[in-house]
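What follows is the residue order along each chain.
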Amino acid sequence: MRVCYFGKLREQLKQAEESLDMPPGAQTVASVVDLLRARGGDWSEALNDQGSVLVAVNQRMGTRQTPVTDTDEVAFFPPVTGG
Amino acid sequence: MAGRVQQADFDAGRELQAFRAAGTRAGAIVSFIGLVRDQLGDDDAIQALTLEHYPGMTERVLANIEHQARQRWGLDDVLIVHRVGRLQPGDQIVLVMVSAAHRGEAFAACEFLMDYLKTKAPFWKKEDTDRGSRWIEARDSDDQAAGRWE
């Protein structure tokens, strides 16, 4: 799975994108978040569910309940500020 | 139909000419240009504004919000140009141009496109001030502006 980070989140995590191996079994965005937060430190803090971190799956807005597979592209980012 | 993301500046006059050259059905063209301001509410002088985006998703969202605008109003043409990269105060950030038979549709669609652009398209702004750099936070007023179309 390809995981991307943008904006403030990319800076907090010091990472723009990475390849992530998901454990077998049914998965959702929430399982990806759990896996990343288990790294501790900045990961645990920045991806805290209390924070306003948005998610897109295959470049469409999703939620923590959106199903994901190993071939998906998942992106995490703060609320958008363009225009 | 067009949505573009680019580092280069745009020439609104040239884009307007292209709009007019495309046909004579439209009775109205409305355009909006967003600029980098040189100051924040709390009086910090802005030295530069850096915009990043999510390549791929951005183009998809621009096409989607144009599609939504076209479903709401009878529009002849739509153009969205959004810049990314490092910009200076006074620089142009975004151009939205809409043509329609009458001005009412063109004004409404232009405002709708800007409201949705600000709240749905994956762009992020970071500003450099005398006191360092920081990411701009999303504003409730922008969400409220977008919410009135729902």
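Just so you know, these numbers come straight off a predicted model, no measurement behind them. (Residues numbered from 1 in each chain as written. Chains lettered and ligands numbered in written order. Predicted model: local features only at pLDDT ≥ 70, side-chain atom pairs only at ≥ 80, totals over all residues. Heavy atoms only, no water.)

A few points about the overall build of chain A
(1) Moving on: The helix and strand tally for chain A stands at three helices and five strands.
(2) Moving on: Helices (α) and strands (β) of chain A occur, in sequence order from the N terminus, as β-α-β-α-α-β-β-β.
(3) Moving on: For chain A, the C-alpha radius of gyration of 12 Å lies close to 12 Å, the compact-globule estimate for 83 residues.
(4) Moving on: Taken over 83 residues, chain A has a buried fraction of 46%.
(5) Moving on: Pairs at least 24 residues apart make up 50% of the contacts formed inside chain A by residues separated by at least 6 positions.
(6) Moving on: As displayed, chain A offers around 4,200 Å² of accessible surface, 49% of which is attributable to carbon and sulfur atoms.
(7) Moving on: Side-chain charges of chain A comprise 8 positive and 11 negative groups, with the mean position of each set lying 5 Å from the other. (Helix = DSSP H or I, 4+ residues; strand = E, 2+ residues; numbered from the N terminus. Rg over C-alpha atoms; globule rule 2.2 N^0.38 Å. Buried < 20%, exposed > 50% of the residue type's maximum accessible area, 1.4 Å probe, protein only. Contact = heavy atoms within 4.5 Å. Areas by Shrake-Rupley, 256 points an atom, 1.4 Å probe, with all protein chains shown as cover. Lys, Arg positive; Asp, Glu negative; His and termini not counted. Charge placed at Lys NZ, Arg CZ, Asp CG, Glu CD.)

Considerations on the interface of chain A and chain B
(1) Moving on: Taken together, the contact between chain A and chain B spans 19 residues of the former and 24 residues of the latter.
(2) Moving on: Between chain A and chain B, a total of about 1,900 Å² is buried, with carbon and sulfur atoms accounting for 54% of that surface.
(3) Moving on: Sorting the residues of chain A by area buried against chain B places A:Gln59, A:Thr81 and A:Gly83 first, and these three jointly supply 37% of that buried surface.
(4) Moving on: Here chain A is connected to chain B by three salt bridges.
(5) Moving on: A:Lys8 is the salt-bridge partner of B:Glu137, the closest N and O atoms lying 3.7 Å from each other.
(6) Moving on: Taken together, the connections running from chain A to chain B amount to 14 residue pairs in polar contact (both at pLDDT 80 or more).
(7) Moving on: Elements with a minimum of two residues in the side of chain A that touches chain B: helix H1 (7-13), strand S4 (60-62) and strand S5 (73-77) of chain A.
(8) Moving on: The element that contributes the greatest number of residues to the side of chain A that touches chain B is H1(A), accounting for four residues.
(9) Moving on: The residue inventory of the side of chain A that touches chain B, partitioned by class, reads eight nonpolar, six polar and five charged. (Buried area = accessible area lost by both parts, 1.4 Å probe. Salt bridge = Lys/Arg side-chain N within 4 Å of Asp/Glu carboxyl O. Polar contact = N/O pair within 3.5 Å; in protein donor to acceptor, adjacent residues only side chain to side chain. Nonpolar A, V, L, I, M, F, W, Y, C, P; charged D, E, K, R; others polar.)

Here's the deal with the packing of helix H2 (residues 57-72) of chain B against helix H3 (residues 103-120) of chain B
All names here are of chain B.
(1) Moving on: Relative orientation of the contacting elements H2 and H3 amounts to 150°, with a least axis distance of 10 Å. Overall, the two elements H2 and H3 adopt an arrangement that is roughly antiparallel. Where H2 crosses over H3, the handedness of that crossing is right-handed. Across the interface between the two elements, Val61, Leu62, Ile65, Glu66, Gln68, Ala69 and Arg72 from H2 touch Phe112, Leu113, Tyr116, Leu117 and Lys120 from H3.
(2) Moving on: Considering only residue class, the contact of H2 with H3 consists of eight nonpolar, one polar and three charged. (Axes fitted to C-alpha atoms, helices over the stretch in contact; angles between N-to-C directions. Parallel < 35°, antiparallel > 145°, perpendicular 65-115°, else oblique. Left-handed = near helix turned anticlockwise from the far one by under 90°.)

A short note on the environment of B:Met114
(1) Moving on: Assignment of secondary structure puts B:Met114 in helix H3.
(2) Moving on: Along the primary structure B:Met114 and B:His82 are separated by 32 residues, whereas in three dimensions their C-alpha atoms are 11 Å apart.

Overview of the sheet that holds strand S2 (residues 17-19) of chain A
Within a sheet, neighbouring strands are paired by backbone hydrogen bonds and run either parallel or antiparallel to one another.
Residue and element names in this part refer to chain A.
(1) Moving on: Taken in spatial order, the five strands of this open sheet run S2-S1-S5-S3-S4, and their pairing is mixed. Only two strands of the sheet have a single neighbouring strand rather than two, namely S2 and S4. Pairs of neighbouring strands in the sheet enclose a mean axial angle of 25°, with direction left out of account.
(2) Moving on: Bridge analysis of strand S1 (residues 2-5) against S2 gives three bridges, and the strand direction is antiparallel. Of the residues in S2, the one forming a bridge with Cys4 is Glu17.
(3) Moving on: Lying on the sheet, helix H2 (residues 29-37) is in contact with S1, S2, strand S3 (54-57) and S5; it crosses S5 at an angle near 65°. (Pairing = 2+ DSSP bridges.)

Let's talk about the nonpolar core
(1) Moving on: Core analysis: the biggest nonpolar cluster contains 43 residues, and B:Val96, B:Leu113 and B:Leu117 have the highest contact counts within it.
(2) Moving on: At the level of secondary structure, the elements contributing two or more residues to this core comprise S5 of chain A together with strand S2 (28-35), strand S3 (46-53), H2, strand S4 (75-83), strand S6 (92-100), H3 and strand S7 (123-129) of chain B.
(3) Moving on: Among all residues touching B:Leu117, those that are not within four sequence positions of it are B:Leu62, B:Ile65, B:Ile80, B:His82, B:Val94 and B:Val96.
(4) Moving on: Residues A:Met1, A:Leu9, A:Met22 and A:Ala46 belong to the second largest nonpolar core, which totals 20 residues. (Core = buried A, V, L, I, M, F, W, Y, C linked by side-chain atoms within 4.5 Å.)

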